[in-house]
Amino acid sequence: MSTPSSAIRMFDYREQLAGMREEILAAMTAVLDSGSLILGPRVKQFEKNFAAYLGAPGEAVGVANGTDAIAIALRTLDIGSGDEVLTVSNTAIPTVSAIRMAGATPVFCDVDPQTLLIDLHDAASRITAHTRAIVPVHLFGNAVDMRAVLHFARQHRLRVVEDCAQATGTTLDGQHTGTFGDVGCFSFYPTKNLGAYGDGGLCFTRDAKLAEQMRRIRMYGCAATYYSEREGVNSRLDELQAAVLDVKLRHLDDHLLLRRSIAAQYEVEFAGQIDRPRTTRGASHSYHLYVINSPRRSALIAQLDAQQIGHGIHYPTPIHLMRGYQFLSYGPGSLPVTEQAAGRILSLPCYPELPLLSAARVAAAVVGPAVSRLAA
């Protein structure tokens, strides 16, 4: 069913594609004409360019998706069966799925009520003799306070794997997320700040030895063809997606500027009326999602639906309360801040191609029937 022309979508990759179609098609055609489709020159070039974009000395390793990126990072750090990994429950399932793929056990920590990011005081209470790593999630495009995380990790001798799936382009004190810990893990799922036209992911590390191990793990554990040095998997970023991502990387900062501009307009409109999670001090939020926090969520959803305005909830059910993770033995009330937030958060349209007048309609639908100041 087609979307009415008056509707405002939450996201549609075709709007962005329209502005760079010729670049994208030329890059894809060059791959198809090259005779190389897997782990060829485009992947190497994108890895080099993405590492340069992050602005830190280190190496990037392209993989099949963001879930694999976390799982491969943990395996490279020799974290697996019998080990516990601290993380949060108000994240996408892949964060936890990746920990399980590595063979480790996720240990859920509650979140700070202001930022909805990992609460390190709560995390400290969950440390055991088996705790080996922490996976801070840079949720919504905000940045976890990595200064505090690194101090915490040093205190407890933990490895740090950053989940940057929603935070490509986010910085903290001028430093990109994904460059603080042992490994930074990125997702290029189509909805992300830097999205492929299919799945894609990447690991970044400052440690050349870790990078080499991750390259082996992504290719069955092989350093050379048909000889496995260690047990690995099949997780390769393909040439077509790498070519697409390399084109879109050139536009990323412009797209982030537009996201931040839309968010700033919402801030003006919602001031004193609508609450949202606080941005970490020193962070430059990339607004992968613009999330508000309201006890009137059901009423707001009804208002948005009535005006054909897209929205989302990221995420309606914390992972610790999902049937698939009952074996971890968390129950209702075990993470009270996380659970309360899940009933109040609401994501509004915030993507580079969203017209200002459409943003005005969104704001007006949220704050009430009065004409939005953005439309004035």
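No experiment lies behind these values; they were computed from the predicted model shown.

As for helix 12 (residues 356-367)
Line of reasoning, step 1. Between the first and last C-alpha of helix 12 there are 16 Å, a value that for 12 residues agrees with the 16 Å anticipated at 1.5 Å per step.
Line of reasoning, step 2. Turning to helix 12, its buried residues number three or more, namely Ser358, Ala359, Ala360, Val362, Ala363, Ala364, Ala365 and Val366.
Line of reasoning, step 3. Along its buried surface, helix 12 packs onto helix 9 (252-270), strand 13 (290-293), helix 10 (297-306) and strand 14 (345-348).
Line of reasoning, step 4. Directly beyond the C-terminal end of helix 12, a positive phi value near 135° is found at Gly368.

Overview of the pattern of salt bridges
Line of reasoning, step 1. With the rule as written, the count across this model stands at 14 salt bridges.
Line of reasoning, step 2. Close ionic contact of Arg215 with Glu59 constitutes a salt bridge, the shortest N to O distance being 2.9 Å. Of this pair, Arg215 sits in helix 7 (residues 208-218) while Glu59 sits in strand 1 (residues 59-63); the two residues are 156 residues apart in sequence, bridging distant segments of the chain.
Line of reasoning, step 3. Accessibility expressed as a relative area gives 23% for Arg215, which makes it partly exposed.
Line of reasoning, step 4. Among the ionic contacts, a cluster of salt bridges with common partners joins Arg9, Asp12, Arg14 and Glu15.

What about the side chain of Arg259?
Line of reasoning, step 1. Looking at the element boundaries, Arg259 is found in helix 9.
Line of reasoning, step 2. One polar contact links the side chain of Arg259 to the main-chain carbonyl oxygen of Tyr287, over a distance of 3.1 Å.
Line of reasoning, step 3. Those residues in contact with Arg259 that lie beyond four places of it in its chain are Thr191, Lys192, Asn193, Ser286, Tyr287, His288, Cys350, Tyr351 and Pro352.

Comments concerning the sheet that holds strand 1
Line of reasoning, step 1. Reading across from one edge, 1-9-8-5-4-2-3 is the order of the 7 strands in this open sheet, with mixed pairing throughout. Looking at which strands have only one partner, the edges of the open sheet turn out to be strand 1 and strand 3 (105-109). For this sheet, the mean inter-axis angle between neighbouring strands, taken without regard to orientation, is 30°.
Line of reasoning, step 2. Of the strand pairs in this sheet, strand 5 (residues 159-163) and strand 8 (residues 183-187) are connected by 3 bridges, and their pairing is parallel. Residue pairing in the sheet places Val161 in a bridge with Val183 of strand 8.
Line of reasoning, step 3. Contacting strand 1, strand 4 (131-134), strand 5, strand 8 and strand 9 (201-205), helix 3 (residues 66-76) runs over the sheet at an angle of about 165° to strand 8.
Line of reasoning, step 4. Here helix 7 sits on the sheet in contact with strand 1, strand 5, strand 8 and strand 9, set at roughly 15° to strand 1.

Examining the packing of aromatic side chains
Line of reasoning, step 1. As enumerated under the stated definition, the model contains 12 aromatic pairs in all.
Line of reasoning, step 2. Considering the side-chain rings of Phe50 and Phe186, the 5.0 Å spacing of their centres and the 75° angle between planes classify their relative orientation as edge-to-face. Taken as a pair, Phe50 in helix 2 (residues 41-54) and Phe186 in strand 8 lie far apart in primary sequence, 136 residues in all.
Line of reasoning, step 3. For Phe50, a relative accessible area of 0% translates into the label buried.
Line of reasoning, step 4. Overall, the relative accessible area of 0% leaves Phe186 in the buried class.
Line of reasoning, step 5. Three or more aromatic residues joined by ring pairs form one cluster here, namely Phe46, Phe50, Tyr53, Phe186 and Phe188.

Topic: the pairing of strand 3
Line of reasoning, step 1. The buried fraction of strand 3 amounts to 4 of the 5 residues, a majority that puts the element mostly inside the structure.
Line of reasoning, step 2. As paired elements, strand 2 (residues 84-88) and strand 3 share 5 bridges and run parallel to each other. Bridge pairing links Leu86 to Val107 in strand 3.
Line of reasoning, step 3. Assessed by its sense of winding, the connection that carries the chain from strand 2 through helix 4 (residues 93-101) to strand 3 is right-handed.

What counts, and where the lines are drawn
- Residues numbered from 1 in each chain as written.
- Predicted model: local features only at pLDDT ≥ 70, side-chain atom pairs only at ≥ 80, totals over all residues.
- Heavy atoms only, no water.
- Helix = DSSP H or I, 4+ residues; strand = E, 2+ residues; numbered from the N terminus.
- Expected span 1.5 Å × (residues − 1).
- Buried < 20%, exposed > 50% of the residue type's maximum accessible area, 1.4 Å probe, protein only.
- Contact = heavy atoms within 4.5 Å.
- Salt bridge = Lys/Arg side-chain N within 4 Å of Asp/Glu carboxyl O.
- Polar contact = N/O pair within 3.5 Å; in protein donor to acceptor, adjacent residues only side chain to side chain.
- Pairing = 2+ DSSP bridges.
- Axes fitted to C-alpha atoms, helices over the stretch in contact; angles between N-to-C directions.
- Phe/Tyr/Trp six-rings, centres within 6.5 Å; stacked < 30°, edge-to-face > 60°.
- Right-handed = clockwise from strand over helix to strand, strands pointing away.

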